[in-house]
Amino acid sequence: MKTVLELEKIASQVRRDIVRQVHIANSGHPGGSLGCADFLVALYFRQMKIDSSDFKMDGVGEDLFFLSNGHISPAFYSVLSRAGYFEVSEMNTFRKIDSRLQGHPTTHEHLPGVRIASGSLGQGLSVSIGASLSKKLLKDDKLVYCLCGDGEMEEGQIWEAVMYAGAKKVDNLIATIDVNLQQIDGSVEHVLPYGDLKPKFESFGWTALEMDGNNMQNTIYTLDLAKSLCGKKKPIVILMKTEMGQGVDFMMGSHKWHGIAPNAEQTENALSQLEQTLGDF
Amino acid sequence: MKKYPYTEKKDTRSGFGAGLLELGRANPNIVALCADLTGSLKMDAFEKEFPERFFQIGIAEANMMCIAAGMTIGGKIPFTGTFANFSTGRVYDQIRQSIAYSGKNVKICASHAGITLGEDGATHQILEDIGMMRMLPGMTVINPCDYNQTKAATLAIANFQGPVYLRFGRPVVPIFTPADQKFEIGKAVTFNEGADVSIFATGHLVWKAIEAGELLAAKGIEADIINIHTIKPLDVAAVLKSVRKTNCVITAEEHQINGGLGDAIAHVLSSHHPVPQEFIGVKDSFGESGTPEQLMKKYGLEAINIVEAVEKVMQRKNQRVTM
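Only a predicted model underlies this, so the values are computations on that prediction, with no experimental measurement involved.

A. Structural context of the overall build of chain A. Looking only at helices and strands, chain A has nine helices and seven strands in total. A compact globule built from 281 residues would reach a C-alpha radius of gyration of about 19 Å, and chain A, at 17 Å, matches this within 12%. On the principal axes, the C-alpha backbone points of chain A span a range of 50 × 45 × 35 Å. The buried share of chain A, taken over its 281 residues, is 54%.

Spelled out as structure tokens, the structure:
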């Protein structure tokens, strides 16, 4: 099992991959991607049981992950390729014509590791519930993970899903909400404050945990705890505090880097702050 | 005109319910999801016999569509059930992204389609669903005509890999297709052969077309009456074979004339064999409350309307010939 230090080194490379993909494509969403890098690395390189060398859509006998906030695709693609689902060089094609690495993830181009299209927000938690129910019917004891953005909590369908999973005791599901408090038009506080998420989830019958998603030690501790709480008649939610743009100083502390690409100079600056640990694509 | 005597009338939704129950017994991978309309969709027998494979989602159709998409991962074959309105317009983006674009094997089963839903009125009488669904790449769109055909279609789509929109209705209508029919997705069914006009009908309008065929025969007009149960993929070969013989076309559907069967046929005609076409359907308006019979009459979806359209289209054809 990988150590905290090893996971941090992978996360540093993933951050470089994010910045470089978005720069090369001259479009994409670096902010949320950087914020979620540590969590996705912990998930794919430590937490989940997966077979990245032989991708099967049905994922029977494997843990499954669904990305609901599909715009953080640069982070998702980096982690999938670094985990062995496809060649890292394919990141050069991100958002380009004829690529499997579409702006938002899709199954349509048969990219290994992706099991649902996402981008239009609010759908991934429901999809994850479906996959969880399927696993229960198959008596497959592996788990289903889902990541949503916190701005995504403004979508009504999220609360249909939260109500259902709590009421029907979908207890093989671990949902994580990326609480970076930012969305396109500004802070969540400015756009539409969602109040205190913890009691909201708890009142719907979920077990709610809090996590520092930019602290690897705390992330793996919380993911282990979440896993240990599965099978107890309650779905699990992890409220994951992150910093949008984490790791690149000029992208932090603001919503401005939600969906814009750094220029050559900014890219050089960003990469100077991130250690190359696995070799750039 | 070939005769189609019938001894019994039933609702097409009951054909769906019977088919679903049979599927449940035959295939353990069949699961059913419903958004608080189990009785209306005739899914109660499946629920009773297979409670572990029945998922009551509540009044949350968006959640239902995406849960169904997720359940295909692992090999389950989900059948979702709610009214046609809530199966399409309400959840278009969920179907588009999580089912159609994602290529998921979900069977979207939609009852109470069209104006024959009746008294509940226009909020529930969707007349645009065929159009919305046939626009989605990769979506198969089926609108069977009676109880037996609906049951056969329900069985057939379970063995077909890919998303399907299956549309059926609430009123009791004659059963005039065989109970033991083999339902072939994408294959038109000919009910009568005639050289004067092609009538392409779907859903409840197939029986109206047969009634119209009898009225036309009395006037000495023999119609090709063809049941297009699968609107997408359309049986282009069957359409062209008929129109090359008749050189004029009626399309008949319980749907807007925009976006439905009529448009699908018009596309084929304009590309391959342009001939006059008249459209039986709701003409760019919403429905309203009333009995199904009153509404079919008011909105021009009766056999007599088909007869009038045939006379008009044949006149257009004959004018073309003399010109």
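B. Region of interest: unusual backbone geometry. Each neighbour pair has its own omega, and for B:Lys232 with B:Pro233 the value is 0 degrees, a cis peptide bond. With respect to the helices, strands and loops of the structure, B:Pro233 is situated in the loop between strand 12 (230-232) and helix 9 (236-246). Here the phi dihedral of A:Leu181 falls at roughly 65 degrees; this positive angle occurs in a residue that is not glycine.

C. Main features of the packing of helix 1 (residues 4-25) of chain A against helix 3 (residues 73-82) of chain A. All names here are of chain A. The geometry of helix 1 relative to helix 3 is characterised by a closest axis approach of 9 Å and an angle of 125 degrees between their N-to-C directions. The angle between helix 1 and helix 3 places the two elements in the oblique class. As helix 1 runs across helix 3, the sense of the crossing is right-handed. Between helix 1, through Ile10, Gln13, Val14, Asp17, Ile18, Gln21 and Val22, and helix 3, the contact on the second element is made entirely by Pro74, Ala75, Tyr77, Ser78, Val79 and Arg82. Residues that form the contact of helix 1 with helix 3 fall into these classes: eight nonpolar, three polar and two charged.

D. Region of the structure containing helix 1 of chain A. When the terminal C-alpha atoms of helix 1 of chain A are compared, their 31 Å separation across 22 residues agrees well with the 32 Å that a helix rising 1.5 Å per residue should span. Following helix 1 of chain A by one or two positions, A:Asn26 has its phi on the positive side, about 55 degrees.

E. Quick look at the nonpolar core. With 188 residues, the main nonpolar core has A:Val41, B:Ile199 and B:Ile306 as its most contacted residues. The element that contributes the greatest number of residues to this core is helix 2 (residues 30-47) of chain A, accounting for ten residues. Other than its neighbours up to four places away in sequence, A:Val41 contacts A:Leu7, A:Ile10, A:Ala11, A:Val14 and A:Val79.

F. A look at the pairing of strand 3 (residues 173-179) of chain A. All names here are of chain A. The element strand 3 is extensively covered by neighbouring structure, given that seven of its seven residues are classed as buried. Residues of strand 3 alternate between two faces, with Leu173, Ala175, Ile177 and Val179 on one and Ile174, Thr176 and Asp178 on the opposite face, all of them buried. Looking at chain direction, strand 2 (residues 144-149) and strand 3 are connected through six bridges and run parallel. Note that in strand 3 the partner of Tyr145 across the bridge is Ile174. Handedness of the crossover joining strand 2 and strand 3 through helix 5 (residues 156-167) is recorded here as right-handed. With six bridges connecting them, strand 3 and strand 7 (residues 236-241) associate as parallel partners. Each residue of the ladder has a partner; that of Ile174, found in strand 7, is Ile236.

G. Region of interest: the sheet that holds strand 2 (residues 30-34) of chain B. Residue and element names in this part refer to chain B. Read from one edge of the open sheet, seven strands run 3-2-4-5-7-6-12, paired in mixed fashion. One side of each edge strand has no neighbouring strand; the edge strands of this open sheet are strand 3 (54-56) and strand 12. Shown here is a sheet whose adjacent strand axes are inclined to one another by a mean of 20 degrees, direction ignored. For strand 6 (residues 140-142) and strand 12, the ladder comprises two bridges, and the chain directions are antiparallel.

H. Quick peek at the environment of A:Leu111. Residue and element names in this part refer to chain A. Positionally, Leu111 belongs in the loop between helix 3 and helix 4 (124-137). Here the alpha-carbon distance between Leu111 and Arg100, two residues eleven residues apart in the chain, equals 5.8 Å. Beyond its immediate chain neighbours, meaning those up to four positions away, Leu111 contacts Phe86, Arg100 and Leu101.

I. Molecular detail of the confidence of the model for chain B. The pLDDT averaged across chain B works out to 97; a share of 99% of its residues lies at or above 70. Overall fold confidence (pTM) sits at 0.97, and the ipTM for the predicted complex is 0.97.

What counts as what
- Starting from 1, residues in each chain are numbered consecutively following that chain's sequence as written.
- Labels follow written order: the first chain is A, the first ligand is 1, and so on.
- At least 70 in pLDDT is required for a residue's local features to be given in this predicted model, at least 80 for side-chain atom pairs to be given and counted, and no such filter applies to totals for whole chains, interfaces and linings, which use all residues.
- A run of H or I in DSSP becomes a helix once it reaches four residues, and a run of E becomes a strand once it reaches two; helices and strands are each numbered from the N terminus.
- Between the two quantities, the radius of gyration covers C-alpha atoms and the globule rule is 2.2 Å times the number of residues to the power 0.38.
- We call a residue exposed when 12 or fewer other C-beta atoms sit within 10 Å of its C-beta, buried when the count reaches 20 or more, and partly exposed for counts in between; the C-beta positions come from the backbone.
- Axis definition: a line fitted to C-alpha atoms, over the contacting stretch in the case of helices. Angles run 0 to 180 degrees between N-to-C directions.
- Every angle not falling under 35 degrees, over 145, or within 65 to 115 is termed oblique; those three ranges are roughly parallel, roughly antiparallel and roughly perpendicular.
- If you view the pair so one helix is near and one far, a crossing is left-handed when the near helix is turned anticlockwise from the far one by less than a right angle, and right-handed when it is turned clockwise.
- For the purpose of contact definition, each residue receives a C-beta atom placed from its backbone, and two residues are in contact when these atoms lie within 7 Å.
- In the scheme used here, Gly and all other residues not listed as nonpolar or charged are polar, with Ala, Val, Leu, Ile, Met, Phe, Trp, Tyr, Cys and Pro taken as nonpolar and Asp, Glu, Lys and Arg as charged.
- One less than the residue count of a helix, multiplied by 1.5 Å, gives the span that helix is expected to have.
- For this analysis, nonpolar core means a set of buried Ala, Val, Leu, Ile, Met, Phe, Trp, Tyr and Cys residues linked through C-beta atoms within 7 Å.
- Strand pairing follows a simple DSSP-based rule, namely that at least 2 bridges must link the two strands.
- Seen with its strands pointing away from the viewer, a crossover is right-handed if its path from the first strand over the helix to the second goes clockwise.
- pLDDT is a per-residue confidence score from the predictor, ranging from 0 to 100.

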